[in-house]
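Close look at the chain arrangement
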Amino acid sequence: MFDSAKKEITRRGFMTKLGGGLVAANLAGVFLKDAAAEVRVPDPPGKKLGYAIVGLGNLAIWQILPAIAKCEKSKVVALVSGHPDKANKIALRYGVDPKNIYNYENYDTIKDNPEVDVIYVVLPNSMHAEYTIRGFKAGKHVFCEKPMATSVADCQAMIDAGNKAGKKLMIGYRCRYEPYNQAMIEMARSQKLGPVKIIQTDAGFNIADPTQWRLNKAMAGGGSLMDIGIYALQACRYLSGEEPTEVNAMEYTTPNDPRFKEVEESINFQLRFPSGVLANATSSYGCEYRSHFRVLATKGYFELDPAMSYTALRMRVYDGHELSEPNISPRDHFLSELEHFSQCVMEDKQPLTPGEEGLRDMKILMAIYEAARTGKTIKLA
Ligand code: NDP
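Residues numbered from 1 in each chain as written. Predicted model: local features only at pLDDT ≥ 70, side-chain atom pairs only at ≥ 80, totals over all residues. Heavy atoms only, no water.

1. Regarding the site of the ligand
In the vicinity of the ligand lie 28 residues, with Ser 81, His 83, Lys 86, Tyr 104 and Arg 174 positioned nearest. Side-chain polar atom of Ser 81 to an oxygen atom of the ligand: 2.6 Å apart, as the coordinates give it. A distance of 2.8 Å separates an oxygen atom of the ligand from a polar atom in the backbone of Lys 146. The set of elements that each furnish at least two residues to the shell around the ligand consists of helix H3 (58–68) and helix H9 (224–240). Split by residue class, the shell around the ligand holds 13 nonpolar, 9 polar and 6 charged. Of the domains in this structure, domain 2 (49–172) and domain 3 (176–331) are the two that each give at least three residues to the shell around the ligand. (Near = heavy atom within 4 Å. Polar contact = N/O pair within 3.5 Å; in protein donor to acceptor, adjacent residues only side chain to side chain. Helix = DSSP H or I, 4+ residues; strand = E, 2+ residues; numbered from the N terminus. Nonpolar A, V, L, I, M, F, W, Y, C, P; charged D, E, K, R; others polar. Domains from an automatic or database assignment.)

Right, dumping it as structure tokens:
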């Protein structure tokens, strides 16, 4: 609207200046040249890294593929799926060459495909380690969804495989790459409201289909804690800027609920940090959707609610007198993290959330389970 109105004004001014001396054909030619000079033309894309998306489920189809299509540094060039019909349909939508569609059996032959620079593992949790390690053996960089794996040993094996291959590994902790969580971190570090004392983080939703892999212990590694409690844990760590030294936890699962035959429903955990900051965190598969991070400091508090939804995050700051909402421009979480990883690969830099970050979380997640199981405070190294 604005652009076409501007063009019209330009045209009228131009016609008046010229008067009626020129023939119409000449006028049209001169005008077009002039208008073209005024339109802002984006730069042609620079180099884009080629991504292979491994596992075409909800996250891949509805978040990652649409985000990657908008990236400046990343593009989808290959798909790995157990369902060729689905993969073919997605290939048509995103312009992926059908020769670049793989399945889980011939996945390793991706090593012979020079179009693929990065493997993006979007499989059930228990498959992350295997497909990351195979990805490294194929000579590719790997971007792996959270949680990094289902055990500390698997996380370590993934890091070792990346180091051996000389390739980069990043874990998809999207909240670290979006501006609302970044504003919370900045607020905490700046101490504008004084030193941080307490951190409260909640993550929960009512899980539906009892047959899904998230409720299968072997595939998910655990229940709500592994899936969304990990966001609550991450937030405690990045908002405090410290590593916890002790953890307590309590777990509850509704008896006879058909969803929770193998994994826990809810866990509450507390973390102690070296500076004295205490954190209370919850994760649940049994409550209405909830994602809330709040930091209590000596002169006020600041919070995100919702805190980890894909869109429409809200931040509020209470400075002891009034409540305000900072004006923050949202960014696509997935696009931001993908561009970060591509830039790190191109410039040979360490990503913000490398494998070591996933490993740190996994050690704490296991300590939380141990604390819940034993009822004891677990000390962390
Ligand atoms: P889905 O169940 O929707 O998709 C998983 C896909 O993995 C399937 O569609 C399938 O793809 C493939 N797959 C291969 N083997 C199996 C198997 N035995 N059982 C089930 N699926 C299999 O899961 P999501 O997309 O929700 O989650 C995938 C990963 O992404 C998880 O690790 C999850 O934690 C993470 N995630 C991260 C989020 C974030 O915000 N960062 C949000 C949601 C999920 P195909 O049919 O193509 O073979």
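There is more to say after this.
2. Here we look at the pattern of salt bridges
Tallied over the entire structure, the rule returns 22 salt bridges. Among the ionic pairs, Glu 243 bridges to Arg 237, the shortest N-O distance being 2.9 Å. A salt bridge links Glu 303 to Arg 294, with the nearest nitrogen and oxygen atoms 2.9 Å apart. You can call Arg 294 partly exposed: its relative accessible area is 25%. Residues joined in a network through salt bridges with shared partners are Arg 176, Arg 237, Glu 243, Glu 357, Arg 360 and Asp 361. (Salt bridge = Lys/Arg side-chain N within 4 Å of Asp/Glu carboxyl O. Buried < 20%, exposed > 50% of the residue type's maximum accessible area, 1.4 Å probe, protein only.)

3. Thoughts on helix H7 (residues 179–190)
Taking 1.5 Å of rise per residue, 12 residues should cover 16 Å, and H7 covers 16 Å from first to last C-alpha, within 8% of that figure. Within the span of H7, buried status applies to Pro 179, Tyr 180, Asn 181, Met 184, Ile 185, Met 187 and Ala 188. At its buried positions, H7 is contacted by strand E7 (196–206), H9, strand E11 (286–297), strand E12 (300–304) and strand E13 (315–318). Positioned one or two residues after H7, Gln 191 has a phi angle of 55 degrees, which is positive. (Expected span 1.5 Å × (residues − 1). Contact = heavy atoms within 4.5 Å.)

4. Details of empty space enclosed by the protein
By the definition in use, this model includes 1 cavity of 30 Å³ or more. In this structure, the largest cavity occupies an estimated 30 Å³ of space. In terms of lining residues, the largest cavity is bounded by Tyr 173, Arg 174, Cys 175, Tyr 231, Gln 234 and Tyr 238. Taken together, the residues that form the lining of the largest cavity break down as 4 nonpolar, 1 polar and 1 charged. (1 Å grid on protein atoms, 1.4 Å probe; cavity = no way out; pocket = protein on both sides within 12 Å on 5 of 7 lines; lining within 4 Å. Points joined across faces, edges and corners; volume = space filled by probe spheres on them.)

5. Some details on the environment of Pro 98
Inspection of the secondary structure assignment puts Pro 98 in the loop between helix H4 (84–94) and strand E3 (101–102). Exposure remark for Pro 98: the relative accessible area of 56% places this residue in the exposed category. Along the chain, Pro 98 and Ala 87 lie 11 residues apart, while their C-alpha atoms are 8.8 Å from each other.

6. A look at the pairing of E12
Burial of E12 is extensive: 5 of the 5 residues sit out of reach of the surface. Residues Gly 300, Phe 302 and Leu 304 of E12 are buried on one face, and the alternating residues Tyr 301 and Glu 303, pointing to the opposite face, are buried as well. Relative to E12, E11 runs antiparallel, the two being bridged by 5 bridges. Among the inter-strand pairings, Val 295 is bridged to a residue of E12, identified as Phe 302. Connecting the antiparallel pair E11 and E12 is a turn made up of 2 residues. Relative to E13, E12 runs antiparallel, the two being bridged by 4 bridges. Paired with Phe 302 across the strands is Val 317, a residue of E13. (Pairing = 2+ DSSP bridges.)

7. Some remarks on the pairing of strand E4 (residues 118–121)
It is a general feature of regular strands that their side chains alternate between the two faces of the sheet. With burial as the criterion, each face of E4 is covered, one bearing Val 118 and Tyr 120 and the other bearing Ile 119 and Val 121. Where E4 and strand E5 (residues 141–144) come together, 4 bridges link them in parallel fashion. Its bridge partner lying in E5, Ile 119 is registered against Val 142. Where the polypeptide runs from E4 across helix H5 (residues 128–137) and back to E5, its parallel neighbour, the crossover connection is right-handed. (Right-handed = clockwise from strand over helix to strand, strands pointing away.)

8. Description of the environment of Asp 257
You can see Asp 257 is positioned in the loop between strand E8 (246–252) and strand E9 (266–272). The class for Asp 257 is buried, based on a relative accessible area of 15%. Separated by 39 residues in sequence, Asp 257 and Leu 296 place their C-alpha atoms 36 Å apart.

9. Quick word on helix H6 (residues 152–165)
Its 14 residues place the ends of H6 20 Å apart at the C-alpha level, agreeing with the 20 Å of an ideal helix rising 1.5 Å per residue. Along H6, the residues classified as buried are Cys 155, Met 158, Ile 159, Ala 161 and Gly 162. Taken end-on, H6 shows its buried residues confined to a sector of 160 degrees, consistent with a single buried face. Exposed and facing more than 90 degrees away from the buried side of H6 are Ala 153, Asn 163 and Lys 164. Looking at the residues trailing H6, positive phi occurs at Gly 166, about 70 degrees. (Arc of directions from axis to C-beta.)

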